[in-house]
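The lines below spell out each chain.
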Amino acid sequence: MTLIGRDDDSSISLPDLHVSREHAVICWSGDQPSIFDLGSRNGTFVNGRRIRRETLLEDGAEFQVGPYCIHVYSQFADAVQKSQELMPNLGDDESDLESDPQRISNSHCAIH
């Protein structure tokens, strides 16, 4: 489970007042992620539509939380893992996003 919200303790922290402290959650069934809005004031949108129940996140889908558009790429985690195999010192700096491969492999997304 990946919590998305404004709170610093969220798995994906999005610092904006249009994002609730605990806005949405991404869950997995095997390798298939889905997203569920946690009753946020501004809602969560998948491919431009406000969701009202758990919604599958297909490869290439886009979901929006506040002003953030997040694109789902199923191959993203594989690419990060491969880069770590090729460059084993990548992620030595704890502030580097790639320093937490579990967080990357669970998120399957890129924020634009």
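Just so you know, these numbers come straight off a predicted model, no measurement behind them.

## Focus: the sheet that holds strand β4 (residues 32-37)
The five strands are arranged β2-β1-β3-β4-β7 in an open sheet whose pairing can be described as mixed. The sheet is open, and its two edges are formed by β2 (12-13) and β7 (55-56), each paired on a single side. Two strands pair when backbone bridges link them, and strand β1 (residues 2-5) and β2 are joined in this way by two bridges, in the parallel orientation. By the bridge assignment, glycine 5 is partnered in β2 with serine 13.

## Describing the pairing of strand β9 (residues 68-72)
The side chains of a regular strand alternate between the sheet's two faces. Among the five residues that make up β9, four are buried, leaving the element largely enclosed by the rest of the structure. When strand β8 (residues 62-65) meets β9, the two strands line up antiparallel, connected through four bridges. Bridge pairing in β9 links glutamate 62 to histidine 71. Turn length for the β8-β9 hairpin, with the two strands adjacent in sequence and antiparallel, is two residues, and the turn residue glycine 66 shows positive phi of about 55°.

## A look at the environment of glycine 5
The topology assignment puts glycine 5 in strand β1. Of the residues examined, glycine 5 reaches a relative accessible area of 0% and is grouped as buried. Among all residues touching glycine 5, those that are not within four sequence positions of it are Ser10, Ile12, Ser13, Leu14, Val19, Ser20, Arg21, Glu22 and His23.

## Overview of the nonpolar core
Membership of the largest hydrophobic core comes to 15 residues, with the highest contact counts inside it found for Ile4, Leu14, Ile35, Leu57 and Phe63. Contributions of two or more residues to this core are made by β3 (24-29), β8 and β9. At three residues, the largest contribution of residues to this core is made by β9. Ignoring any residue separated from it by four or fewer positions in sequence, one finds phenylalanine 63 in contact with Ile4, Ile26, Ile35, Phe45, Val46, Leu57, Tyr68, Cys69, Ile70 and Val72.

Rules behind the numbers
Residues numbered from 1 in each chain as written. Predicted model: local features only at pLDDT ≥ 70, side-chain atom pairs only at ≥ 80, totals over all residues. Heavy atoms only, no water. Pairing = 2+ DSSP bridges. Helix = DSSP H or I, 4+ residues; strand = E, 2+ residues; numbered from the N terminus. Buried < 20%, exposed > 50% of the residue type's maximum accessible area, 1.4 Å probe, protein only. Contact = heavy atoms within 4.5 Å. Core = buried A, V, L, I, M, F, W, Y, C linked by side-chain atoms within 4.5 Å.

Bear in mind that shape data such as this cannot, by itself, settle questions of function.
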